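What follows is the residue order along each chain.
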Amino acid sequence: MDASASPTVTRVHAGRLWAGGFATAVVAALVGLVGVLVASVADINPVSPEWLVGDAQGGEDGRHYALTAFLAALVATALLHVLLLTVPQPLRFFHWIVGLSTVAAVTVAFTRRGDVAEQVAAGTITAAIGIAIGSLLSGVAIWSVRDLRRPASGEAGTGLP
């Protein structure tokens with residue numbers, strides 16, 4: 001029997017997935033902090049992402065963005081893990097979910113009270129966080145999944161490491 005005709009089994013290395021998810025969460029938090037820092041240099045106070053972690057007071061915007069981004073990355077990792085285990089073409093679904101969630105979160109920034117510059121700054125920071133999460137976790141997923149060749153009948157013991 002041709003080796004390419006053997007069925008495959010997809011295995012998710014959960015440790016790698018969650019280590020990459022945690023690293024993604026740290027990067028996403030830093031994107032939020034840096035975004036607020038850049039906005040503050042331009043003397044813009046972006047509207048706070050209060051829909052998840054409460055309204056910021058004074059200089060707490062950076063911490064709110066960081067915490068929101070960190071939690072969003074962990075939720076996205078959990079979603080990715082479920083998709084990898086359950087659906088065909090999990091990255092296609094993951095990209096759609098993260099993309100649409102990012103667009104929704106950016107839109108929420110424009111519903112908050114504040115001037116247009118603050119809303120644009122918040123939307124830009126939110127978009128950067130969403131892009132970071134989506135792109136980094138896509139790479140983590142590829143690194144965390146392995147297709148293993150199942151032995152065909154008569155090929156006992158071959159194909160699995």
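For clarity, every value in this text was computed on a predicted model and none was experimentally measured.

**Notes on the overall build of the protein**
So, step 1. Along the protein, the regular secondary structure elements total five helices and two strands.
So, step 2. Each of the 161 residues in the protein was classed as buried or not, and the buried ones make up 37%.
So, step 3. Residue pairs at least 24 apart in sequence account for 70% of intrachain contacts in the protein once pairs closer than 6 positions are excluded.
So, step 4. When the accessible area of the protein is evaluated, it comes to approximately 9200 Å², of which 66% is carbon and sulfur surface.

**A look at the nonpolar core**
So, step 1. The biggest cluster of nonpolar side chains holds 23 residues, and the ones touching the most others in it are Leu80, Phe94, Ile129, Ile133 and Leu137.
So, step 2. At the level of elements, helix H1 (14-41), helix H3 (61-86), helix H4 (90-109) and helix H5 (116-144) are the ones that each hand at least two residues to this core.
So, step 3. Those residues within four positions of leucine 137 in sequence are excluded, and the remaining contacts are Gly20, Gly21, Thr24, Ala73, Ala76, Thr77, Leu80 and Phe94.

**Section: H5**
So, step 1. Here H5 is 29 residues long and its end C-alpha atoms lie 41 Å apart, about the 42 Å a rise of 1.5 Å per residue gives.
So, step 2. Capping the start of H5 is the job of one residue whose side-chain oxygen sits 3.3 Å from the backbone nitrogen of alanine 117: aspartate 115.

**A closer look at unusual backbone geometry**
So, step 1. Although it is not a glycine, aspartate 43 sits at a positive phi angle of roughly 60°.
So, step 2. Note that aspartate 43 resides in the loop between H1 and helix H2 (50-53).
So, step 3. In this structure, glutamine 89 is a non-glycine residue whose phi angle is positive, near 50°.
So, step 4. Within the secondary structure layout, glutamine 89 lies in the loop between H3 and H4.

**A look at the packing of H1 against H3**
So, step 1. Relative orientation of the contacting elements H1 and H3 amounts to 155°, with a least axis distance of 7 Å. With respect to H3, the element H1 is oriented roughly antiparallel. In this structure, H1 meets H3 at a crossing whose hand is right-handed.

**Brief notes about H4**
So, step 1. The first and last C-alpha atoms of H4 sit 29 Å apart over 20 residues, in line with the 28 Å expected at 1.5 Å per residue.
So, step 2. If you check which residues of H4 are buried, you get Pro90, Phe94, Val98, Thr102, Ala105, Val106 and Ala109. Burial along H4 is one-sided: seen end-on, the buried residues are contained in an arc of 120°. Opposite its buried face, H4 presents the exposed residues Arg92, Trp96, Leu100 and Val103, each directed more than 90 degrees away.
So, step 3. Buried residues in H4 make contact with H3 and H5.

**Quick word on the confidence of the model for the protein**
Any region with low pLDDT has predicted coordinates that should not be read closely.
So, step 1. Of all residues in the protein, 77% attain a pLDDT of 70 or more, and the chain-wide mean is 84.
So, step 2. The spread of mean pLDDT over the elements of the protein runs between H2, the lowest at 53, and H4, the highest at 96.

About the cut-offs
Residues numbered from 1 in each chain as written. Predicted model: local features only at pLDDT ≥ 70, side-chain atom pairs only at ≥ 80, totals over all residues. Heavy atoms only, no water. Helix = DSSP H or I, 4+ residues; strand = E, 2+ residues; numbered from the N terminus. Buried < 20%, exposed > 50% of the residue type's maximum accessible area, 1.4 Å probe, protein only. Contact = heavy atoms within 4.5 Å. Areas by Shrake-Rupley, 256 points an atom, 1.4 Å probe, with all protein chains shown as cover. Core = buried A, V, L, I, M, F, W, Y, C linked by side-chain atoms within 4.5 Å. Expected span 1.5 Å × (residues − 1). Polar contact = N/O pair within 3.5 Å; in protein donor to acceptor, adjacent residues only side chain to side chain. Axes fitted to C-alpha atoms, helices over the stretch in contact; angles between N-to-C directions. Parallel < 35°, antiparallel > 145°, perpendicular 65-115°, else oblique. Left-handed = near helix turned anticlockwise from the far one by under 90°. Arc of directions from axis to C-beta. pLDDT = per-residue confidence, 0-100.

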